[in-house]
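What the coordinates show
Below, each chain spelled out in residue letters.
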Amino acid sequence: MPCLQPGAQESMEPGSAAPGPPPAAGTDDTGKGLGWFFSPLWSPRAKTRRFGDGLTSDRVEAWLDDHSDFTRAYFLRRASAVSVPQSPLLPAFPRSSSDHLDLLLKARHGRASSPLTVSRLNISSETDGLKPLASNLSGPDWKDPFSPEVLRTHSPCSPPPSTRFSFSPICPGSPDLPRPPPPLFLTATDTAACGLGEACPWSTELLRGGLSWIGSVAELCQGAVVHAGDMLAAEGSSLSLVKKECGGGSTLVEVIGPTALDCLSKVDICSPWERELLRDIMGCVLATGSPMNLRDTSECPMFVCDEDQSSHFKIRTVLSVPIKNNRGEVVGVVAMINKRSLEDGSAFISVDEKVLSNHMDVLGMFLDNVQLYESSRQEAKRSQALIEMAQILSKEHHSFEVLLSKMAATIMPFTHAQYCTIFIPGEKSPAIANEIFFSRVIHLECEELGSTCQIYRRERDISHLDPSYALRTLVTMETINMSESSEGSIKSLICCPVRNERSENVIAVCQLMNKCSRDSDDMEAFNKYDERLLEDLAVYCGLALQYAQAVQITEERRASIEVTQEVLAYHITAAEQEILALQEVTIPCAESLHILDFHFSHFGLSEDLTTQATIRMFLDLNLVQDFNIDYKSLCQWVLTVRRGYRNNVPYHNWNHALSTAQSMFAMLMATEQLRTIFSRLEILALMIATLSHDLDHRGVSNSYIERSQQPLAQLYGHSSLENHHYNLCLFILNNTGSQILSGLSAEDHRTALHMIKRAILATDLTVYTERRNEFFSLANKSRVSWKSEKQRELLRSMLMTASDLSAVTKPWPEQKRIAKLVAMEFFAQGDKEREEFKIEPIDIMNRENSTRLPYMQVEYIDEICYPLYKAVSRMFDTCSPLMNGCKKNREHWVHLAEEAEEENSDNISIASLETHKNSEEDSQSEE
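Summarised in this report is the structure supplied together with it. (Residues numbered from 1 in each chain as written. Predicted model: local features only at pLDDT ≥ 70, side-chain atom pairs only at ≥ 80, totals over all residues. Heavy atoms only, no water.)

**Observations regarding the overall build of the protein chain**
- Looking only at helices and strands, one finds 31 helices and 13 strands in the protein chain.
- A sequence separation of at least 24 residues applies to 69% of the contacts in the protein chain between residues at least 6 apart. (Helix = DSSP H or I, 4+ residues; strand = E, 2+ residues; numbered from the N terminus. Contact = heavy atoms within 4.5 Å.)

**Some remarks on the packing of aromatic side chains**
- Within this structure, the stated rule accounts for six aromatic pairs.
- Arranged with centres 6.3 Å apart and planes meeting at 55°, the rings of Tyr645 and Trp654 form a pair that is tilted. As far as the burial class goes, Tyr645 and Trp654 line up, both buried. (Phe/Tyr/Trp six-rings, centres within 6.5 Å; stacked < 30°, edge-to-face > 60°. Buried < 20%, exposed > 50% of the residue type's maximum accessible area, 1.4 Å probe, protein only.)

**Focus: the nonpolar core**
- Membership of the largest hydrophobic core comes to 99 residues, with the highest contact counts inside it found for Phe618, Trp637, Met687, Ile688 and Phe775.
- Looking at this core element by element, the count peaks at 10 residues for helix H29 (residues 853-875).
- Those residues within four positions of Phe618 in sequence are excluded, and the remaining contacts are Leu623, Val624, Leu634, Trp637, Leu684, Met687, Ile688 and Leu691.
- Ranked by size, the runner-up nonpolar core spans 35 residues in total, among them Ala385, Met389, Val498 and Leu533. (Core = buried A, V, L, I, M, F, W, Y, C linked by side-chain atoms within 4.5 Å.)

**Structural notes on the packing of helix H10 (residues 350-394) against helix H11 (residues 400-415)**
- H11 packs onto H10 with a crossing angle of 165° between their chain directions and a minimal axis gap of 10 Å. Judged by the inter-axis angle, H10 sits roughly antiparallel to H11. Crossing of H10 against H11: the hand is right-handed. From H10, Lys381, Gln384, Ala385, Glu388, Met389, Ile392 and Leu393 reach across to H11, where they touch Leu403, Lys406, Met407, Thr410 and Phe414.
- Residues belonging to the contact of H10 with H11 are distributed by class as follows: seven nonpolar, two polar and three charged. (Axes fitted to C-alpha atoms, helices over the stretch in contact; angles between N-to-C directions. Parallel < 35°, antiparallel > 145°, perpendicular 65-115°, else oblique. Left-handed = near helix turned anticlockwise from the far one by under 90°. Nonpolar A, V, L, I, M, F, W, Y, C, P; charged D, E, K, R; others polar.)

**With respect to the side chain of Thr763**
- If you trace the backbone, Thr763 turns up in the loop between helix H25 (746-761) and helix H26 (765-779).
- By relative accessible area, Thr763 is classed as buried at 8%.
- At 2.5 Å, the side chain of Thr763 forms a polar contact with the backbone oxygen of Ile760.
- Not counting residues within four places of it along the chain, the set of residues in contact with Thr763 comprises His693, Glu722, Met800 and Asp804. (Polar contact = N/O pair within 3.5 Å; in protein donor to acceptor, adjacent residues only side chain to side chain.)

**Section: the pairing of strand S7 (residues 417-425)**
- In terms of burial, S7 is largely enclosed, as seven of its nine residues are buried.
- Sheet topology note: the S7/strand S12 (residues 506-516) ladder contains six bridges and is antiparallel. Looking at the pairing, Ala417 lines up with Lys515 of S12. (Pairing = 2+ DSSP bridges.)

**Observations concerning H26**
- Here H26 spans 19 Å end to end across 15 residues, near enough to the 21 Å set by a 1.5 Å rise per residue.
- Of all the bends in H26, the greatest measures close to 45° and is centred on Arg771.
- Of all the positions in H26, only Tyr768, Arg771, Arg772, Phe775, Phe776, Leu778 and Ala779 are classed as buried.
- The elements touched by buried residues of H26 are H25, helix H27 (789-804) and H29. (Expected span 1.5 Å × (residues − 1). Bend = angle between axes of the 7 residues up to and from the residue.)

**Focus on the side chain of Ser357**
- Tracing the sequence through the fold places Ser357 in helix H10.
- Among the residues examined, Ser357 registers a relative accessible area of 8% and is labelled buried.
- Apart from the residues lying within four places of it in its own chain, the contact partners of Ser357 are Pro291 and Val321.

**Brief notes about the pattern of salt bridges**
- Per the stated rule, a full pass over the model turns up 32 salt bridges.
- The partner of Glu562 in a salt bridge is Arg558, and the shortest N-O contact between them spans 2.7 Å. Of the two residues, Glu562 and Arg558 are both situated in helix H13 (residues 528-572); the distance of four residues between them amounts to about one turn of the helix.
- Judged by relative accessible area, which is 41%, Arg558 ranks as partly exposed.
- One salt bridge connects Asp831 with Arg834, and the closest N-O pair in it is separated by 3.7 Å. (Salt bridge = Lys/Arg side-chain N within 4 Å of Asp/Glu carboxyl O.)

**Considerations on the pairing of strand S6 (residues 330-339)**
- Summarising burial for S6: nine of the 10 residues are buried, a large majority.
- Here strand S2 (residues 234-244) pairs with S6 via seven bridges, running antiparallel. If you follow Leu241 over to S6, its bridge partner there is Gly332.
- Bridge analysis of strand S5 (residues 318-324) against S6 gives seven bridges, and the strand direction is antiparallel. Note that in S6 the partner of Ser320 across the bridge is Ala335.

**Description of the environment of Ser692**
- Here Ser692 lies in helix H21 (residues 680-692).
- For the pair Ser692 and Val641, spaced 51 residues apart in the sequence, the C-alpha separation amounts to 6.8 Å.
- In contact with Ser692, not counting residues within four places along its chain, are Trp637, Val641, Tyr645, His725, Cys729 and Ile760.
- Only 3.0 Å separates the side chain of Ser692 from the backbone oxygen of Ile688, close enough to count as a polar contact.

**With respect to the environment of Ala224**
- By secondary structure assignment, the location of Ala224 is in helix H8 (residues 217-232).
- Of the residues examined, Ala224 reaches a relative accessible area of 2% and is grouped as buried.
- Along the chain, Ala224 and Leu239 lie 15 residues apart, while their C-alpha atoms are 9.9 Å from each other.
- Ignoring any residue separated from it by four or fewer positions in sequence, one finds Ala224 in contact with Trp202, Met360 and Leu363.

**Looking at the packing of H13 against helix H24 (residues 720-734)**
- Two numbers describe how H13 lies on H24: the axes approach to 11 Å, and their chain directions differ by 75°. Compared by their axis directions, H13 and H24 come out roughly perpendicular. Contacts from Gln565, Leu568, Ala569 and Ile572 in H13 reach Leu728, Phe731 and Ile732 in H24.

Geometric descriptors of this kind do not, in isolation, establish any biological role.
Laid out in structure tokens, this is it:
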């Protein structure tokens, strides 16, 4: 049904309705236009189409002529349905006009001079609005809206002769429609009275154009008011939108003041009393969510008219309806003032109320979409700003102030702020506890250059800045968004705290001031989107501050580490006289030092001979010659490594490092196959690794370091001691005067360091137990190809462990003496665990189990040592002395265990001993 013109509606008999046939099967009932939407018999909340929509007049007339009985019965039935007060086609209004009256009286709050009654005020209610639609359906003046005359008159392509406005005779779907389309609100030169066709011009332009054509909310509202006012023949109008308060309440913000529709620029057409009455009416509509029709203001004692101003615009009638979105929420209120008519005292009728409500429903839908569109647009801007700030943060900046300045300069164009200031507080003075001051201030200003904005930083003269709002934000830790009006100008400001993520303390304050309007040179208040952008900037500023603090702390610690390394290098490096003495001394031969013997013992050597024996190993392996090692650097390196071990550790000291290096040297010298398998660089790496594999050992295990949460555990996480040994080895190799690898190429240097690290980490028994089965499987093969780097690396790791555990292969007196040193170190750790952690240490570290040392040694040999030496001897026959020495020492430990069993008569220990005897017999049978 086309949009009905109020004048035409009044000429019809009250209650007239448009007949129409039911849609035939297979007929598409989709409307070709939007005129039916604004019919007073249709409500968007009813979600139904009216009878006969979308059909041509010829088909309607033919069907009505053929079904006259049905037609009469249908309209009688529809008339009775419309007369029901709670029709689903109409919104639910207050049950009587007294409901509106009560709210209006409360709004006026005692301004009336006398009590009011319902009979004195002519306010339409729901029942009044339905009566005109339910009578005289078959009157003689009723016209079929689908007749050719009416359809022709209402065609959107031909303007009506009676309208005051002209409308371009172009159908909405015409291909000749000009581009771009006309503005959203229709002016007096291009507006047709609604109801002259299937499509409403105002809504057609809205739906065809979409949100991209909407200039502003004010323009959208103005177009709706002009169009609705023309339809209702109103003299003036007013529109306000709902603003949500922080406390949860709602207030009306005037968008279009009381305006004469014939002259849009003519505002303030009402006296103050009339404006007050208009505000009360619109507030009542907001409170109830229902329309209100004041038919005669002269009968309202709350209204006061100034008789002296006879030429002043006078409010006679008011029709006010709510503007609702698709969720039924009131988003605004519109009021139509004074219906134009030839007869004085003409009032708005229920049809006007319905038509206005339907148009406002469309406006509410578009306002909701405009809000969603604006939200999405602002979110897009926010995302762009966040991306730009993240890019700035990801780059390296030499100055912390420059970093923050770039972030602030990024957000200013998005918020149209004139000034952006970042206040960084200083440390509180111990003398004055409550004193707060800002140690640094970063201030940026924006200068408008047409459509662009040039931002520059003010380096000087920032004493004029007002820090009061920043101080308030610093104390309250809450965002401030305020605006002040003074002498015609607006000062707007947002202050947002910058928090530390860990401590939640405020570490800075970001402030935006004076938002410039995009449409004029005036200032305006910051909105919620600006507030969110500033809060996002605060987050990034917080990250930048923490990053700057972390960089500062890192630089300080780096400097501290360099100082510590200088001190360490000074104290760990041997004295010049000691280095010259070792350099000038004649190094004894390997035979005299017994370093070629697998049964080598360091106990008979002096400290000077231990360093000379180390030099001899490098000389006999031709490492000095092959890698062009400076001899003085070699002497300084050996002496520095010796000083890197702690003398107060019973076992893991320099003597143990020497024994480990000697075992590797003996295997390499005795086994020509090993010297063939390994390259010269691998042999050099193995010798350096054996001497350095326990540097700065503390006499405790990795488990104790992790349990006690020492810095070593926090630094490395796993294999803490072994990683520490390698890092100290690297430190000595890079120490001035000890750089024995300086003659290597860059690639060989990297390869050597990698092999040294892997070799030192392999001395962790946890790594050995994880990889030994792979090595044992390799040893069981008849022939192994050592061309694979993976297999050679496995062999280097197993030889490192074999050298590290070689004390168990020494002659019995040496083995017994070394075992006591190991037990002393282990028992000392057990005492610490019992005292510090209040736990019972494991058996091998429990001093109370000292009498069970022989049993523990037998277990240690059977589970750790013997299988390794057996596999190495199977691969290389020349290394069999290691396995044989291990077997002999096991026999001695078993003998001691038997003697202890005889003294203690411990059945459990005897059973344990028998188990080890059986394992020994099994190993002998395998051999």
